[in-house]
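# Summary of structural features
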Amino acid sequence: MTSVITGDIIGSRQQPSKHWVEDLKKILSPFGETPSQWEVYRGDEFQIEIKNPDEALLSAILIKAHLKAIKLDARMSIGFGDKTHNADKISESNGSAFINSGELFETLKKQKVTLAMRTGDALVDEKMNLMIQLALTFMDYWLAQPAEFVAAAIENPTLSQEELGQKLGINQAAVSRRQKRAQFDLVMNLDRYFRTQIKQLTTP
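First, a word on what this report is: a plain description of the structure on this page. Worth saying up front: this structure is predicted, and the values here are computed from it rather than measured.

Turning our attention to the nonpolar core. Grouped together as the largest cluster of nonpolar side chains are 60 residues, with contacts concentrated most on Leu-28, Phe-46, Ile-48, Leu-57, Ile-63, Ile-78 and Trp-142. Counting residues per element, this core draws most heavily on helix H2 (residues 56-69), which supplies nine residues. Each residue touching Leu-57, except ones within four places of it in the same chain, is listed here: Ile-78, Leu-115, Met-128, Ile-132, Leu-190, Asp-191 and Phe-194.

Next comes the structure, spelled out in structure tokens:
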């Protein structure tokens, strides 16, 4: 089982400068090689394979946080399943993970939702998507500073508040405030719950 995130930048055509494309590539580069593991295409669309499905939701939240930190946002669908065709470019690979991600992505605009997932298990999907939608009631409104904190905290899970503060150039009290404003503990609880659900799907 693998997972695929398909996304596009919201309101990309309203962006005055095009350097956000470079920013997006910087955000995606830690996910591996391009274009085999991630790719930006058609200007503002992107696709990433997250080979460990457990990491898929947190990866999408991390991308969202990085984008929010530079005052952008993305619509993203996460599809789970297999990979039956491994092409040089991820956008040309295939399998149920790709189909689930692509089909779901096409419905996001209509649903007015910025993040959703499809595993193919209707019960898991309903439960997880409801939880994600509830989390989006605050994640969609993250301001740059709390979003920057979220990205740093996800990327450095072992650092204390004080150490994160040093990384961000702020004191511990400010770190604590940003953590609260971003509702970061709730985000991590959502991720933990998601991991238990995915484990049940992947263990025979």
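What follows is about the environment of Ile-5. Assignment of secondary structure puts Ile-5 in strand E1 (residues 2-9). Placed 140 residues apart in sequence, Ile-5 and Gln-145 show a C-alpha to C-alpha distance of 25 Å. Excluding residues within four positions of it along the chain, Ile-5 makes contact with Phe-46, Gln-47, Ile-48, Ile-50, Ala-56, Ser-59, Ala-60, Ile-63, Met-76, Ser-77, Ile-78 and Ser-101.

Two numbers describe how helix H1 (residues 20-28) lies on H2: the axes approach to 10 Å, and their chain directions differ by 145°. Crossing of H1 over H2 shows right-handed handedness. Between H1 and H2, the contacting residues are Leu-24, Ile-27 and Leu-28 on the first element and Ile-63, His-66 and Leu-67 on the second. Here the contact of H1 with H2 is composed, by residue class, of five nonpolar, one polar and no charged.

On to unusual backbone geometry, then. Excluding glycine, most residues fall at negative phi; most peptide bonds, likewise, are trans. In this chain, Thr-34 is followed by Pro-35 through a cis amide linkage whose omega measures 5°. With phi around 65°, Lys-71 is a residue other than glycine that occupies positive phi space. In this structure, Lys-71 sits in the loop between H2 and strand E4 (74-81). Residue class for Lys-71 comes out exposed when judged on its relative accessible area of 70%. The phi angle at Gln-183 is positive, at roughly 55°, despite the residue not being glycine. Within the secondary structure layout, Gln-183 lies in the loop between helix H7 (172-181) and helix H8 (184-202).

Parameters and conventions
- Residues numbered from 1 in each chain as written.
- Predicted model: local features only at pLDDT ≥ 70, side-chain atom pairs only at ≥ 80, totals over all residues.
- Heavy atoms only, no water.
- Core = buried A, V, L, I, M, F, W, Y, C linked by side-chain atoms within 4.5 Å.
- Buried < 20%, exposed > 50% of the residue type's maximum accessible area, 1.4 Å probe, protein only.
- Helix = DSSP H or I, 4+ residues; strand = E, 2+ residues; numbered from the N terminus.
- Contact = heavy atoms within 4.5 Å.
- Axes fitted to C-alpha atoms, helices over the stretch in contact; angles between N-to-C directions.
- Left-handed = near helix turned anticlockwise from the far one by under 90°.
- Nonpolar A, V, L, I, M, F, W, Y, C, P; charged D, E, K, R; others polar.

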